[in-house]
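One-letter residues, chain by chain:
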Amino acid sequence: MLSTIRRQTRQLLGERGRSILFRAATTARIYPWYFFADGKARRPETVILEITYACNARCRMCAVHGEHADGSSLAARGCTRTGELTTGELQGVLSDVAAMGIPQVTFRGGEAFLRPDFCDLLEYAGQRGLRISIISNGTIMNDEIARRVIQAPTASMTISVDGPRAIHDTIRRVPGMLDRIESNIRCLRQAQRELGLSRPRIYINCTLSATNQGHLQGLVDIAARHQATLTLRPLFYTTERQQEQTNRLYRMGNAKPECQVLSPNLSHVNPSALAQELMKVRQYATSLKVDIRISLRNVRQIFNRFYRAYHADAGRCMHPWRVTTINPYGAVYPCSINTVMGDIRRQTLSQIWNGRKYVHFRQRLASVGIFPRCTKCCVLDADDLLARILPRGTNGGA
């Protein structure tokens, strides 16, 4: 009954109506803390656990392993600083997360399934009553893993797919990768049928770039084959100039061995061509009754997002008031801006979340609205109408 009501509500609101409603509810919930709490925040809504930077793909746009980043040496530098958090340490983090009343944890990598203890961590999170999400490249699965993922219980699993077979495998730089993904989704679906469970909800997520801008309609067929929700989000990247401008506003540092300055071959989309392709994708998804979510809707939004120095549709960022990330070595940071807020091996998450560094960071962000290097962030959305019109905070020094 409840699932029927949800489905009918989604159909009634439509794609954009759902997006506006979700963004408005999130902004209304976070804004009082953003504006009035002087850099402090209520408990996070989600903790993202990056449990490893190891990966079996070399995606062209990846900030750690991408073609622009000399990824293997960047990852190696991160691994030699200190070892990855152990199973016991990660279980301690999950216990802390549950004790703080945080409802959700998202696991990602690298590729999270490369950790031998990953399913043990999923089960531990489930035992602590946490809602579990996984972000994966979808290439590592078997019958046992599928059953453990479902029984954990995992609420959602997002699998990255960048286009039809030739495009996806070219971007990921691994031959045969898409075929493996589809086989593994079928494995998950079979385990769901055997266990009589509908979880996890499967999302097919595509990163929009110049490489795949004319090859997106095939994603609808993939989502339809596997009864998955299709999401399309723009590439996140920055420039050296924007990084320098941001460092003058707030000294960032770096919690993560990565490079987000991407090649124009990836970032220089054709706004008109991409807008036309996205329109066809929407129409095709409607004809196949595929649930779809696209954060860009017209030429103006695409041009602003990829080419303007300031993201005109964004307004301000409240993300660090609701989400935090922990990397494989214990560093806590707000988002892809990855400046260190604390070390989980030295403090608890509850101590770090409203500690001096985090509070000062939020104060500074509230005072400037958005840092220059963040203007291409995929978290920002043109449907966040409230965030565009509400006043930003005024606290924070240099």
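For the structure, see preceding data.
The residue numbering used here restarts from 1 in each chain and proceeds along that chain's sequence as written. Local features in a predicted model are, by the rule used here, given only for residues with pLDDT of at least 70; side-chain atom pairs are given and counted only at 80 or more, and totals for whole chains, interfaces and linings are based on all residues. Neither water nor hydrogens contribute to the side-chain values; these are computed over all heavy atoms in the structure.

On to the nonpolar core. As used in this record, nonpolar core signifies buried Ala, Val, Leu, Ile, Met, Phe, Trp, Tyr and Cys residues forming a set joined through side-chain atoms within 4.5 Å. Per-residue accessibility, obtained with a 1.4 Å probe over protein chains only, is compared with the maximum for each type, and a residue is labelled buried under 20%, exposed over 50%, and partly exposed between these values. Membership of the largest hydrophobic core comes to 105 residues, with the highest contact counts inside it found for Leu49, Phe107, Leu230 and Leu232. Broken down by element, this core gets its largest block of residues, 7 residues, from helix H7 (residues 177-195). Residue contacts are counted whenever heavy atoms from the two residues lie within 4.5 Å of one another. If we ignore the near neighbours within four places in the chain, the residues touching Leu49 are Leu90, Val93, Leu94, Val105, Thr106, Phe107, Arg108 and Ile326. Numbering of helices and strands runs from the N terminus, with a helix taken as a DSSP run of H or I at least four residues long and a strand as a DSSP run of E at least two residues long.

A few words on the sheet that holds strand S7 (residues 292-294). Taken together, the 10 strands give an open sheet; going across it, the order is S7-S6-S5-S4-S3-S2-S1-S8-S9-S10, and neighbouring strands pair in mixed fashion. Edge positions in the sheet fall to S7 and strand S10 (342-343), since each of these pairs with one other strand and no more. For two strands to pair, DSSP has to find at least two bridges joining them. As judged from the 3 bridges shared by strand S6 (residues 229-234) and S7, these two strands associate in the parallel manner. Bridge pairing links Thr231 to Arg293 in S7.

Below, the discussion takes up unusual backbone geometry. Between Ala152 and Pro153 the backbone carries a cis peptide bond, its omega angle lying at 0°. As for its placement among the helices and strands, Pro153 is situated in the loop between helix H5 (143-151) and strand S4 (154-160). With omega at -5°, the peptide bond leading from Arg199 into Pro200 counts as cis. Structurally, the position occupied by Pro200 is in the loop between H7 and strand S5 (201-208). For Gln227, which is not glycine, the phi torsion reads 50° and is therefore positive. Mapping Gln227 onto the fold places it in the loop between helix H8 (217-225) and S6. Located in the positive-phi region is Lys289, a residue other than glycine, with phi close to 60°. Inspection of the secondary structure assignment puts Lys289 in the loop between helix H11 (271-288) and S7. Using a relative accessible area of 78% as the deciding quantity, one classes Lys289 as exposed.

With respect to the secondary-structure elements, Ile167 resides in helix H6 (residues 165-172). Through-space distance from the C-alpha of Ile167 to that of Asn212 is 6.7 Å; in sequence the pair is 45 residues apart. In this structure, Ile167 is in contact with Asp162, Thr211, Asn212 and His215, ignoring residues within four places of it in sequence.

With that out of the way, let us pick up helix H4 (residues 118-127). Most of H4 is tucked away: 7 of the 10 residues are buried. Where H4 is buried, its residues contact helix H3 (87-99), strand S2 (104-108), strand S3 (131-136), H5 and S4.

Classification of ring pairs rests on two measures: the distance between centres of Phe, Tyr or Trp rings, Trp counted by its six-membered ring, which must be within 6.5 Å, and the angle between planes, read as stacked under 30 degrees, edge-to-face over 60 and tilted in between. Applying the stated criterion to the full structure yields 13 aromatic pairs. Through a chain of ring-to-ring contacts, three or more aromatic side chains come together here, namely Tyr31, Tyr34, Phe35, Phe36 and Trp321. Whether a charge lies above a ring is judged from NZ of Lys or CZ of Arg, which has to be within 6 Å of the ring centre and within 35 degrees of the ring normal. Of note, Arg305 hangs over the ring of Phe306, and the distance from its end group to the ring centre comes to 5.4 Å. Here the guanidinium or amino end of Arg362 rests over the ring plane of Trp353, the centre of that ring lying 4.3 Å away.

With that settled, consider H3. End to end, H3 covers 18 Å across 13 residues, agreeing with the expected 18 Å (1.5 Å per residue, within 8%). Among the residues making up H3, those that are buried are Leu90, Val93, Leu94, Asp96 and Val97. Looking straight down H3, one finds its buried side chains confined to an arc of 160°; they lie on one side. Residues of H3 that are buried sit in contact with strand S1 (46-50), S2, H4, strand S8 (323-326) and helix H13 (349-353). Remark: Gly101 follows H3 within two positions and exhibits a positive phi of approximately 80°. Under the convention used throughout, the expected extent of a helix is 1.5 Å for every residue step, that is, one less than its residue count. Note that the arc is computed from the directions linking the helix axis to the C-beta atoms.

Space left empty within the atom packing is revealed by a probe, the size of a water molecule, rolled over the atoms. Buriedness of a pocket was judged along seven lines, with at least five required to meet protein on both sides within 12 Å; pockets are open sets of points on a 1 Å grid over the protein atoms alone, cavities are sets where a 1.4 Å probe fits but cannot get out, and lining residues have an atom within 4 Å of a point. Grid points are joined across faces, edges and corners, and a volume is the space filled by probe spheres set on the points. Within the structure shown, the criterion is met by 3 cavities of 30 Å³ or more. The volume enclosed by the largest cavity comes to roughly 130 Å³. Around the largest cavity sit 15 residues that line it, and Cys317, Cys335, Ile337, Cys374 and Cys377 are the ones nearest its centre. Note on residue classes: Ala, Val, Leu, Ile, Met, Phe, Trp, Tyr, Cys and Pro are nonpolar, Asp, Glu, Lys and Arg are charged, and everything else, Gly too, is polar. Classifying every residue of the lining of the largest cavity by side-chain character gives 12 nonpolar, 2 polar and 1 charged.

What follows is about the pattern of salt bridges. Any carboxyl oxygen of Asp or Glu that lies within 4 Å of a side-chain nitrogen of Lys or Arg is treated as forming a salt bridge with it. Inspection of the entire model under this criterion finds 15 salt bridges. In this structure, the salt-bridge partner of Arg115 is Asp117, at a minimum N-O distance of 2.7 Å. Residues Arg115 and Asp117 agree in their burial class; the two are buried. Of the charged contacts in the structure, one is a salt bridge between Glu182 and Arg225, with a shortest N-O distance of 2.9 Å. You can see Glu182 sitting in helix H7 and its partner Arg225 sitting in helix H8, a full 43 residues away along the chain. Given the relative accessible area of 8%, Glu182 is considered buried.

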